[in-house]
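# Overview (structure and organization)
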Amino acid sequence: MTLTDLRFDPGVEHRDVVVVGARCAGSATAMLLARAGIDVLVVDRSPPGADTLSTHALLRPGVQLLARWGLLDAVRDAGTPPVHRTVFHYDDQTIEVPIKADGEVDALYAPRRTVIDPILADAAAASGAEIRFGTQVVGLIRDGFRVAGVVVDDGAGRREIRARTVIGADGVRSLVARTVGAPVEHRAQRHRAYAMHYVDGVAEDAYEYWFTSDDVDFGVMPTNDHRAVVFLDVTPERFATDLRPDVPGGFVRLLEQSCPALADRVAGRPRLRPRTFPGVHGFTRTPAGPGWALVGDAGCFTDPMSQHGMTSAFRDAELLAEQVLAVRRSLRSESAAGRAYRRSRDRIAIPLIDAVDGALGTGGDLVAIQRAHLEAASLIRSESRELSGRLVEELAS
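Residues numbered from 1 in each chain as written. Predicted model: local features only at pLDDT ≥ 70, side-chain atom pairs only at ≥ 80, totals over all residues. Heavy atoms only, no water.

## Side note on the overall build of the protein
Formally: Secondary structure elements are defined from DSSP: runs of H or I of at least 4 residues count as helices, runs of E of at least 2 residues count as strands, and each element is numbered from the N terminus. What the globule rule says is 2.2 Å times the number of residues to the power 0.38, and the radius of gyration is computed from C-alpha atoms. Between buried and exposed lies partly exposed: a residue is buried under 20% and exposed over 50% of the maximum accessible area for its type, with that area taken using a 1.4 Å probe on protein chains only. Here a residue-residue contact requires only that any non-hydrogen atoms of the pair lie within 4.5 Å. Calculation of accessible area relied on Shrake-Rupley with a 1.4 Å probe; when residues are assessed, cover is drawn exclusively from the protein chains displayed.
Helix and strand counts for the protein stand at 12 helices and 19 strands. Computed over its C-alpha atoms, the radius of gyration of the protein comes to 21 Å, within 12% of the 21 Å expected for a compact globule of 397 residues. Taking the principal axes of the C-alpha coordinates as reference, the protein spans close to 65 × 50 × 35 Å. When the 397 residues of the protein are sorted by exposure, 57% land in the buried category. Sequence separation of at least 24 residues holds for 73% of the intrachain contacts in the protein that already meet a minimum separation of 6. Accessible surface for the protein amounts to roughly 16300 Å². Of this, 51% is attributable to carbon and sulfur atoms.

## What about unusual backbone geometry?
In terms of backbone geometry, most residues other than glycine have negative phi values and most peptide bonds are trans. In this structure, H226 takes a positive phi of about 60 degrees despite not being glycine. Topologically, H226 is positioned in the loop between β13 (217–222) and β14 (227–234). Phi angles above zero are rare outside glycine, and S330 is one such case at about 60 degrees. You can see S330 is positioned in the loop between α9 (309–328) and α10 (334–360). Using a relative accessible area of 66% as the deciding quantity, one classes S330 as exposed.

## Digging into the confidence of the model for the protein
We apply this condition: As a per-residue measure, pLDDT reflects the predictor's confidence and takes values from 0 up to 100.
When the pLDDT values of the protein are averaged, the result is 91; 95% of them are 70 or greater. Throughout residues 1–8 the model reports pLDDT below 50, and contacts reaching past four residues in sequence, or to other chains, amount to 24 contacts.

## What about the packing of helix α2 (residues 60–68) against α9?
Basically, it comes down to this: The axes used here are C-alpha line fits, helices contributing only the stretch in contact, and every angle between their N-to-C directions lies in the interval 0 to 180 degrees. Each angle receives one of four descriptions, namely roughly parallel if under 35 degrees, roughly antiparallel if over 145, roughly perpendicular if within 65 to 115, and oblique otherwise. Take the far helix as your reference; a near helix turned counterclockwise from it by less than a right angle gives a left-handed crossing, and one turned clockwise gives a right-handed crossing. Residues are grouped as follows: Ala, Val, Leu, Ile, Met, Phe, Trp, Tyr, Cys and Pro are nonpolar; Asp, Glu, Lys and Arg are charged; all remaining types, including Gly, are polar.
Interaxial distance between α2 and α9 falls to 8 Å at its minimum, and their mutual angle equals 50 degrees. Relative to α9, α2 is oriented oblique. For the element pair α2 and α9, the recorded crossing hand is left-handed. Within the contact between the two elements, α2 uses P61, G62, L65, L66 and R68 and α9 uses T311, F314, R315 and E318. Taken together, the residues of the contact of α2 with α9 sort by class into 4 nonpolar, 2 polar and 3 charged.

## Here we look at the packing of helix α1 (residues 24–35) against α9
It is at 8 Å that the axes of α1 and α9 come closest, and there the two elements cross at 35 degrees. Our pair here, α1 against α9, has a crossing hand that is right-handed. In this structure, α1 uses C24, A25, A28, T29, L32 and L33 to contact α9, whose residues at the interface are M310, A313, F314, A317, E318, L320, A321, V324 and L325. Per-class residue counts for the contact of α1 with α9 are 13 nonpolar, 1 polar and 1 charged.

## Describing the environment of A313
Tracing the backbone shows A313 in helix α9. Residue classification places A313 among the buried residues on the basis of a relative accessible area of 7%. In sequence terms A313 and G171 are 142 residues apart; their C-alpha atoms lie 10 Å from each other. Sequence-distant contacts of A313, that is, excluding residues within four places in its chain, are made with C24, A25 and G296.

## Side note on the environment of C259
Within the fold, C259 resides in the loop between α7 (250–258) and α8 (260–266). Through-space distance from the C-alpha of C259 to that of A293 is 43 Å; in sequence the pair is 34 residues apart. Every residue in contact with C259, bar those within four places of it in the chain, is listed here: W210, F218 and L254.

## A few points about the environment of L232
Position of L232 relative to the elements: it lies in strand β14. When its relative accessible area of 0% is taken as the criterion, L232 is described as buried. Counting along the chain gives 22 residues from L232 to L254, while the straight-line C-alpha distance between them is 8.7 Å. Excluding residues within four positions of it along the chain, L232 makes contact with A193, Y194, A195, D217, F218, L243, F251 and L254.

## Looking at α9
This is how it is decided: A helix is expected to span 1.5 Å multiplied by its residue count minus one.
In a regular helix each residue adds 1.5 Å, so 20 residues correspond to 28 Å; α9 covers 28 Å between its end C-alpha atoms and thus fits that length. In terms of residue burial, α9 counts as a mostly covered element, since 19 of its 20 residues are buried. Looking at the residues trailing α9, positive phi occurs at S330, about 60 degrees.

## Some words on the nonpolar core
The test is simple: Buried Ala, Val, Leu, Ile, Met, Phe, Trp, Tyr and Cys residues form a nonpolar core when they are joined through side-chain atoms within 4.5 Å.
One finds L33, V40, L66, W69, L120, Y207 and F314 to be the most contacted residues of the largest nonpolar core, which totals 70 residues. Looking at which element gives the most residues to this core, the answer is α9, with 9 residues. If near-sequence neighbours (up to four positions away) are discounted, Y207 is found in contact with A57, L58, L59, V83, R85, T86, V87, L108, Y109, A110, V220 and M221. By size, the runner-up hydrophobic cluster in this structure holds 21 residues, among which are V199, V216, F218 and L254.

Take a look at the structure:
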């Protein structure tokens, strides 16, 4: 179903905001709006607590926002191990970077999505948002040139829900973005493909990365249930030849060939079946228009090499909620708020997309990779400073 003109029907459900997607970006946005007294409905086609492919890592700005929102203790209480170091291996050179304590952020964390997504959804519900799982959005409603609601299928049939604002938090292949025709404004030139295992007992208190002149990169980070995420990334061409699903054991072979130190740590450990992601070019889309907005991967995606996925979702939830509340408080027009959201997001996101894109184009040149990592680290520090204000809380008060 595409955008459809539907006349007002007093029997149709009416909400102020409908958020499509109840994962990191959607639940965080709903929570922030509901805390400010906005009537929010969140719909998600998946069951509650469903797992999904993820890099897991939270960087400092993401942990900073969890602390600000009062949710960091819940992540810790779920048994998510603290990360006190980041370690980079460039063939024979190792660089260790300690995580400096700063305010409430004394460590980083890499929670399973089965942990962090329910924490955020529960926080949204506790703040007053209504969440309906098992409910799929199949189309949008339009009143003239405005998006005015959604058409959902909850298994009992299709029905309409009208809303002043529809927020698409429905991922890279966002139905909301496709339906409103949100164009891609900025796109990376390259991307990588990924494979990952959950492995018992191989991680320490560090995010640890190996970069090789063979142009295969590896990482390991501790997560919940005493497991670690062990992952690799390769070019799409090498993914097609070395990690084909019809050729088992490709992950371990690449690990043994290109990173024997990590292969020794993984050898003999119980591990779950590998999961793969063929990759998508990083991009930004136009993030808002009449009656609609995009948040998280629906509006902005950075290659997973950045380890920035969940952090970006939290960041954009904060930036979008600020602008939605500004409109509700009559501080900005809807169009001005959309432009402000785009500027604030792009000021942070586009340089990071480009820095990661540069790192992906080095062809295994370890000196160039180090330079790209230093640039990305500087950008993340700037992002943390950018998010240090309490704009949403001030508008909500």
